[in-house]
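# Remarks on the overall topology
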Amino acid sequence: GSITSTVQANTTAGFSIVLHTGTGSASTIGHGLGVAPDWIITKGRTNTNHWTVLHSSLGATKFIDLNQGNGSDTATSVWNDTNPTSTVFSVGTNSRINGSSVTYVSYCFAEVEGYSKFGSYVGNGNADGTFVFTGFRPAWVLIKRTDSTGSWELYDDQRLGYNVDNNALFPNLSYAEQTDDRVDILSNGFKLRSVDTDDNASGGTYIYMAFAEAPFKFANAR
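Reference entry: report on the structure contained in this document. (Residues numbered from 1 in each chain as written. Predicted model: local features only at pLDDT ≥ 70, side-chain atom pairs only at ≥ 80, totals over all residues. Heavy atoms only, no water.)

Glancing now at the pattern of salt bridges. According to the stated counting rule, one finds 13 salt bridges in the structure shown. Ionic pairing is found between Arg-96 and Asp-65, a salt bridge with its closest N-O pair at 2.5 Å. Separated by 31 residues along the polypeptide, Arg-96 in helix 2 (residues 95-98) and Asp-65 in strand 6 (residues 62-65) bring together distant segments of the chain. Note on accessibility: Arg-96 and Asp-65 belong to one class, buried. Two residues, Asp-147 and Arg-145, come together in a salt bridge whose shortest N-O distance is 2.7 Å. Of the residues examined, Arg-145 reaches a relative accessible area of 12% and is grouped as buried. One network of salt bridges, with partners in common, ties together Glu-153, Asp-180, Arg-182, Asp-196 and Asp-199. (Salt bridge = Lys/Arg side-chain N within 4 Å of Asp/Glu carboxyl O. Helix = DSSP H or I, 4+ residues; strand = E, 2+ residues; numbered from the N terminus. Buried < 20%, exposed > 50% of the residue type's maximum accessible area, 1.4 Å probe, protein only.)

Set out below in structure tokens:
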């Protein structure tokens, strides 16, 4: 990239950690994955701006905050309206991602078949909710509404480990876990079981991040 970055990458898992110092000018930054990342989460280490997220389902014209409940927003100054490539991601002039002399950390994720799935879905506003195919049984799922406000929701298969009572945590809030029935974790994906607008509003659009319980190809055979 045009900015020198320090990278630790696990290309098998599709994950890298990237450090860079901002220039205040539109630039590119190496991520070390060898394929284009689907998620990038960037945080200034020496300023107080929000955690900034790029998701492939939104595209590089938009961003969303990891620590807020707002929907996605549009700004050329964040990702410079340029999708990541197999070698670099682009940043604009915004101080949340590339302020002059500010140091940043970025967590980059690329989808790996049978291990991770990053995508989007549309809610139906029904307790017999949208089914999202991942191709494996998820161990961990993160969901965020993007077309309107709504909290980030996090589910896993460990705290209870059975359907339908997969308790929700909200990473952008200090709430205790919620015990209402919202998500079924299935052998090949997850299914919404709630009419809550944070995860299943009729016509609402959502992004998600899921990791497999048994990270192998064809891991849903059980």
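Turning next to the environment of Asp-180. Summarising the element assignment, Asp-180 is placed in the loop between strand 13 (153-156) and strand 14 (183-186). When its relative accessible area of 32% is taken as the criterion, Asp-180 is described as partly exposed. Taking the C-alpha atoms as reference points, Asp-180 and Ala-168, separated by 12 residues in sequence, lie 8.0 Å from one another. Polar side-chain contacts of Asp-180 include one of 2.9 Å to the side chain of Arg-182. (Polar contact = N/O pair within 3.5 Å; in protein donor to acceptor, adjacent residues only side chain to side chain.)

Under the defined criterion, the tally for this structure stands at 13 aromatic pairs. Between Phe-170 and Tyr-175, the ring centres sit 6.1 Å apart and the planes meet at 80°, which makes this aromatic pair edge-to-face. Overall, the relative accessible area of 6% leaves Phe-170 in the buried class. Judged by relative accessible area, which is 52%, Tyr-175 ranks as exposed. (Phe/Tyr/Trp six-rings, centres within 6.5 Å; stacked < 30°, edge-to-face > 60°.)

Turning our eyes to something else, we now look at the sheet that holds strand 13. Reading across the sheet, the 4 strands line up as 10-16-12-13 and stay open at both edges, with antiparallel pairing between neighbours. Looking along the sheet, the strands with just one partner apiece sit at the ends: strand 10 (116-122) and strand 13. Taking the axes of each pair of neighbouring strands and ignoring which way they run, one obtains an average angle of 20° across the sheet. The sheet contact formed by strand 12 (residues 138-145) and strand 13 spans 4 bridges and is antiparallel. Residue pairing across strands places Leu-142 opposite Leu-154, the latter belonging to strand 13. (Pairing = 2+ DSSP bridges. Axes fitted to C-alpha atoms, helices over the stretch in contact; angles between N-to-C directions.)

Keep in mind that these numbers describe shape and distance, not what the molecule does.
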